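Below, each chain spelled out in residue letters.
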Amino acid sequence: MRTVLRSRRIVTEQGIVDGVIEIEDGKIVRIGPAAGPADLDFEDQRIIPGIIDIHNHGFGGWSMTDPAKEKDVKGFAKAVASVGVTGVLPTAKEEAFEAIADCTGQPLDGARIYGVHSEGPFWARGGENTVGEDYPLPDVAEARRLIDKAKGKMVMMAIAPELPKAYDVIRLLHQKEILVASAHTKAYAEDIRKAMDEVGLDIVTHLCNGMRGIHHRNVGALGQYLLEDNLRYELITDLNHVCKEMIQICLRMQPVEKFCLISDSNYIAGLPTGHYMRYNKEMIADEKGLILDLHGRICGSGKWVLYNIGQLVNIVGVSLEDAVQMASLNPARFLGLDPVTGSLAEGKNADLAVISDDYECVLTMVEGRIVYDRAKDTSVFNPEAMKRKIA
């Protein structure tokens, strides 16, 4: 059965098209001028490729950093679909690994789960306003245990590359074809150069955050990352984590193709502002979309990638086409999925989102299936999460 979607603004790799998307058996079979009536006419609302969020700890009350069962992962997948996400790497603690692995690749009523992203545990906690530095040192046996716990579905692990024996863990990850992110590091420029030369790194975790910044006598991890030719970069563009001017510097230093927009959200994102308990600590969700601990340190984002696209376009001055590429095609390429998803093109999966001019999601499709419809899906949030709200 063929489904026809109509819009005057379809965002493709070739530009914005006024026409239709024809879908059959979950694939896009034609993008072009309208040749008859449409099943769904979105008029002037934009159709964009589905967002692929490679760094997301939770959303809408669903947490991937707490013990989780399959129902929690499915609830999370549905919730992120409500903000235009069609594919996601749940960024989890090990208590959720098995449930995520069991849902990986399954046709869910929500975003497709691509596997496990383990942000840590081998960190050095660098950056501004750092508190608490009790993290385990890199250990190959522990890394193997975590990989096994993910049941062959670990896609990425983040590590501070300057730590003792970090290279041994990085070599193991690459042997297992697991992507390596450089994260939460106190490294100087020379440490990053050495790691790139000796073992290689694939991507930088939330560029600018959790790392040594640029100084005129040593450009730090941040400066060296931006000087490297063979890295990709996660970037949070809510304008809380990184300011407009710093984003502009990053985009002048490296081409758009190198950046993957991420949310770095946690379970509090999308819930009402207030005080919540997380990891037995009080967290504050403020009006700006920040999640803060009582020391004022950022502990994740209360925003999502679709919102961040809007910030890039409306405030930073990035074109819609470039912002969408950073949210969809670039992460698809990073994961090796671009032959089948990441852009609206004939032959690819019908993974897409319909969005309003104020960057709210109207409808989300995964492989041609409607997994979110704003008119029908009135509640995708986890009601249990409000029990953690204390003020």
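The shown structure was predicted, so the numbers you read here are calculated from the model rather than taken from an experiment.

Of the regular secondary structure elements, the protein holds ten helices and 23 strands. At 20 Å, the protein has a C-alpha radius of gyration in line with the 21 Å of a compact globule built from 391 residues. Dimensions of the protein, computed from the C-alpha atoms along their principal axes, are close to 65 × 45 × 40 Å. By the burial criterion, 59% of the 391 residues in the protein qualify as buried.

So, about the layout of surface pockets. Each pocket or cavity is described by its volume, and for the second largest pocket that value is around 320 Å³. Around the second largest pocket, the lining comprises 19 residues; the ones closest to its centre are Ser 82, Val 83, Trp 304, Glu 360 and Cys 361. The residue makeup of the lining of the second largest pocket, split by class, is ten nonpolar, four polar and five charged.

So, about the nonpolar core. In globular proteins that are soluble, nonpolar side chains generally tend to be buried together. Core analysis: the largest hydrophobic core is formed by 90 residues, its most contacted members being Leu 207, Tyr 225 and Ile 309. Residues Met 156, Leu 179, Ile 262 and Ala 332 belong to the second largest nonpolar core, which totals 17 residues.

In total, this model carries 24 salt bridges according to the counting rule given. Where Arg 8 meets Asp 44, a salt bridge forms, and the shortest distance between an N and an O atom there is 3.7 Å. Taken together, the residues span a long stretch of sequence, with Arg 8 in strand S1 (residues 2-12) and Asp 44 in the loop between strand S4 (40-41) and strand S5 (46-49) at a distance of 36 residues. A relative accessible area of 39% means that Arg 8 is categorised as partly exposed. Linking Asp 109 and Lys 78 is a salt bridge whose minimum nitrogen-to-oxygen distance equals 3.2 Å. On the criterion of sequence distance, the pair formed by Asp 109 in the loop between helix H2 (97-103) and strand S10 (112-113) and Lys 78 in helix H1 (residues 70-81) is long-range, its members being 31 residues apart. Its relative accessible area of 46% is what places Asp 109 among the partly exposed residues. A relative accessible area of 13% means that Lys 78 is categorised as buried.

Further remarks concern the sheet that holds strand S13 (residues 179-182). Reading across the sheet, the six strands line up as S11-S12-S13-S14-S15-S16 and stay open at both edges, with parallel pairing between neighbours. Looking at which strands have only one partner, the edges of the open sheet turn out to be strand S11 (116-119) and strand S16 (259-261). One ladder, built from two bridges, connects S13 with strand S14 (residues 203-204); its direction is parallel. Counted as the bridge partner of Ser 182 is Val 204 from S14.

Each neighbour pair has its own omega, and for Gly 120 with Pro 121 the value is 20 degrees, a cis peptide bond. Mapping Pro 121 onto the fold places it in the loop between S11 and helix H3 (140-149). Phi angles above zero are rare outside glycine, and Asp 25 is one such case at about 50 degrees. Locating Asp 25 in the fold gives a position in the loop between strand S2 (15-24) and strand S3 (27-32). Despite not being glycine, Glu 367 shows a phi value in the positive range, around 50 degrees.

The subject of this paragraph is the pairing of strand S12 (residues 154-159). Most of S12 is tucked away: six of the six residues are buried. Bridging between S11 and S12 involves four bridges; their strand directions are parallel. Looking at S12, one finds that Val 116 is bridged to Met 154. One ladder, built from four bridges, connects S12 with S13; its direction is parallel. Across the sheet, residue Met 156 finds its bridge partner in S13, namely Leu 179. Assessed by its sense of winding, the connection that carries the chain from S12 through helix H4 (residues 166-175) to S13 is right-handed.

Cut-offs applied
Residues numbered from 1 in each chain as written. Predicted model: local features only at pLDDT ≥ 70, side-chain atom pairs only at ≥ 80, totals over all residues. Heavy atoms only, no water. Helix = DSSP H or I, 4+ residues; strand = E, 2+ residues; numbered from the N terminus. Rg over C-alpha atoms; globule rule 2.2 N^0.38 Å. Buried < 20%, exposed > 50% of the residue type's maximum accessible area, 1.4 Å probe, protein only. 1 Å grid on protein atoms, 1.4 Å probe; cavity = no way out; pocket = protein on both sides within 12 Å on 5 of 7 lines; lining within 4 Å. Points joined across faces, edges and corners; volume = space filled by probe spheres on them. Nonpolar A, V, L, I, M, F, W, Y, C, P; charged D, E, K, R; others polar. Core = buried A, V, L, I, M, F, W, Y, C linked by side-chain atoms within 4.5 Å. Salt bridge = Lys/Arg side-chain N within 4 Å of Asp/Glu carboxyl O. Pairing = 2+ DSSP bridges. Right-handed = clockwise from strand over helix to strand, strands pointing away.

Shape descriptors only; they carry no functional weight alone.
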